[in-house]
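This is what each chain is made of:
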Amino acid sequence: MLIFNPRRSDPKPSEITPKDTYLNRRSFMGASIGTALGVSAVVTAATMSLPALALATRKEPALAGPDWLKQQIASARETAYGTDDIPAPYSAITNYNNFYEFGYDKDDPARYANKLTTDPWSVEIAGACENPGRLSLEDLLKGIDLEERIYRLRCVEAWSMVIPWIGFPLADLIKRCKPLSNAKYVQFQTLEDPKQFPEQRSRFSTIDWPYQEALRMDEAMHPLTILAVGLYGEVLPNQNGAPLRLVVPWKYGFKSIKSIVSLRFSETQPTTTWSVLAPKEYGFYANVNPDVDHPRWSQARERRLPSGLLSANRVETRMFNGYADEVSSLYKDMDLHRFY
Ligand SMILES: Nc1nc2c(c(=O)[nH]1)N[C@H]1C(S)=C(S)[C@@H](COP(=O)(O)O)O[C@H]1N2
Ligand SMILES: [Mo]
């Protein structure tokens, strides 16, 4: 039951102002950024809808998080991942979210995420591995070399954004856990705490909390799969899944589970929130695939946000979200229409 709510609160082109400090630090294809800014200048406050104005004027989130984490994030190194894509503006990435624990509207997470406490935080390692136990976030990140990855995020609802994450390969953590040879999958869970998440208190919620996701072990070990702790060079805002969230760029966004509190290794395929809720609509694999439509809409194209009044900014959806060179070998003998 992903709520397909086209355009209701999409970021508007007036927001095409990627974080200034960030752009000063890095130079993404200068020419295209110039063009994007030129377009946005055409749209003034007078032509903006009220919700767009509200979005554009909303304050940036206060970033919680311990000092050691802020320092570690600030010293993340740049990488070549995705530097030909122009990142979406910070305000779009942090005000247009899916985080159903906070509500079903795109602006609910930004509105309510300040209720979440992310420090102290710990992650339980469980299941088929040699090193089960509980790791504080600090221990989990000790000695980890954080890096920037600019990835496209393609939601199953047919919108997408380019997001500059700070994180590290999930493989680095998995190796430390020493999975047993029979571990074929890894399952993740989001924090369950009805005091902090309004939808977990709701009697009308159709989701069986906590939110759960899982990957096959080879997907989890793939170098593109990261755990993110930062965004635009700073601590992850709560609405984006602080303090630790998964990012799997070739899969639909719902695989990229937020605010993770546990990893469990298993021999059999774990259940996952959306595949239980609507198995005909959301599969376990959820690989971005323009040839396999959602039963209720086409997946051939997507709205690259921010889109706006003058242009819906529709782009063709690419196989594996454009990461086919890196990941198609993982699925070479599989019928992707059957294993959607
Ligand atoms: N715990 C949790 N994780 C979640 C979700 C959620 O509702 N709860 N939504 C998913 C969906 S559908 C998408 S598209 C992405 C959105 O990530 P973003 O808000 O950081 O862009 O988060 C994913 N992770
Ligand atoms: Mo999504």
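Positions within a chain are numbered from 1, following the residues in the order the chain's sequence is written. Labels follow written order: the first chain is A, the first ligand is 1, and so on. In keeping with the predicted nature of the model, local features appear solely for residues at pLDDT of at least 70, side-chain atom pairs appear and are counted solely at 80 or more, and the whole-chain, interface and lining totals rest on all residues. Hydrogens and water are ignored here; the side-chain numbers use all heavy atoms of the structure.

1. As for the nonpolar core
Nonpolar side chains in soluble globular proteins generally cluster together in the buried interior. We call a set of buried Ala, Val, Leu, Ile, Met, Phe, Trp, Tyr and Cys residues a nonpolar core when their side-chain atoms join them within 4.5 Å. Only protein chains enter the calculation, and the probe is 1.4 Å; a residue is then buried if its accessible area is under 20% of its type maximum, exposed if over 50%, and partly exposed in between. Among the nonpolar cores identified, the biggest contains 90 residues, and W165 and F265 are the most heavily contacted of them. Top contributing element to this core by residue count: strand 4 (residues 159–169), with 6 residues. Pairs of residues are marked as contacts when any of their non-hydrogen atoms sit within 4.5 Å. Sequence-distant contacts of F265, that is, excluding residues within four places in its chain, are made with I125, A126, G127, A128, C129, I174, C177, P179, A183, Y185, V186 and M217. The secondary structure listing takes helices from DSSP runs of H or I that are at least 4 residues long and strands from runs of E that are at least 2 residues long, numbered from the N terminus.

2. Some details on the UniProt feature "binding site: Mo-molybdopterin" (unreviewed entry) in the chain
Annotation from UniProt places "binding site: Mo-molybdopterin" (unreviewed entry) at N97, Y100, E101, C155, T190, N240, R245, S256, I257 and K258. Of the residues named above, N97, Y100, E101, C155, T190, N240, R245, S256, I257 and K258 line the largest cavity. With respect to the helices, strands and loops of the structure, C155 is situated in the loop between strand 3 (147–154) and strand 4. The exposure class assigned to C155 is buried, which follows from its relative accessible area of 5%. What C155 contacts, discounting residues up to four positions off in sequence, is N98, Y252 and G253. Along the polypeptide, S256 turns up in the loop between strand 9 (245–247) and strand 10 (260–266). As used in this structure description, the phrase polar contact means that two N or O atoms lie within 3.5 Å; if the pair is within protein, one of them must be able to donate a hydrogen and the other to accept it, and residues adjacent in sequence are counted only when both atoms belong to side chains. A distance of 3.1 Å separates the side chain of S256 from the backbone nitrogen of V248, its partner in a polar contact. UniProt positions are given in the numbering used here, feature names are shortened, and annotations may be inferred rather than shown by experiment. Here a cavity denotes grid points, spaced 1 Å and computed from the protein atoms alone, that fit a 1.4 Å probe unable to get out, and a pocket denotes an open set having protein on both sides within 12 Å along at least 5 of 7 lines; residues with an atom within 4 Å of a point are the lining.

3. So, the pairing of strand 1 (residues 122–127)
The pairing criterion is simple: DSSP has to find at least two bridges between the two strands. By the bridge criterion, 4 bridges tie strand 1 to strand 2 (residues 133–136) in an arrangement that is antiparallel. Residue pairing for strand 2: E124 is matched across the bridge by R134. The antiparallel hairpin formed by strand 1 and strand 2 contains 5 residues in its connecting segment. Direction of pairing for strand 1 relative to strand 10: parallel, over a ladder of 4 bridges. Looking at strand 10, one finds that E124 is bridged to S262.

4. Some points on empty space enclosed by the protein
Grid points are joined across faces, edges and corners, and a volume is the space filled by probe spheres set on the points. A complete count under the given rule lists 4 cavities of 30 Å³ or more for this structure. The calculated volume of the largest cavity comes to roughly 330 Å³. Forming the boundary of the largest cavity are 24 residues, of which N98, R245, G253, S256 and K258 lie nearest the centre. The element best represented in the lining of the largest cavity is strand 4, accounting for 4 residues. Residue classes follow a fixed rule: Ala, Val, Leu, Ile, Met, Phe, Trp, Tyr, Cys and Pro count as nonpolar, while Asp, Glu, Lys and Arg count as charged, and any other residue, Gly among them, counts as polar. Here the lining of the largest cavity is composed, by residue class, of 15 nonpolar, 6 polar and 3 charged.

5. Quick look at the state of the cysteines
Here, a disulfide means two cysteine sulfur atoms that sit within 2.5 Å of each other. For the structure shown, the criterion picks out 0 disulfides. Lacking any disulfide linkage, C129 is separated from the closest cysteine sulfur, that of C177, by 5.6 Å. Judged by relative accessible area, C129 falls into the buried class, the value being 9%.

6. So, the site of ligand 1
Near ligand 1, the surroundings consist of 16 residues, among which N97, Y100, E101, T190 and K258 are the closest. The separation between a nitrogen atom of ligand 1 and a polar side-chain atom of T190 is 2.9 Å. In this structure, a nitrogen atom belonging to ligand 1 sits 2.9 Å away from a main-chain N or O atom of S256. Here ligand 1 has 530 Å² of accessible area as a free molecule, and 100% of this is covered by the chains. A molecule is counted as occupying a cavity or pocket when more than half of its atoms fall within 2 Å of that pocket's grid points. A majority-of-atoms criterion places ligand 1 in the largest cavity. The cutoff for a nearby residue is simple: one of its non-hydrogen atoms must lie within 4 Å of the molecule or strand. Values of accessible area rely on a 1.4 Å probe in the Shrake-Rupley scheme; residue burial ignores everything except the protein chains shown.

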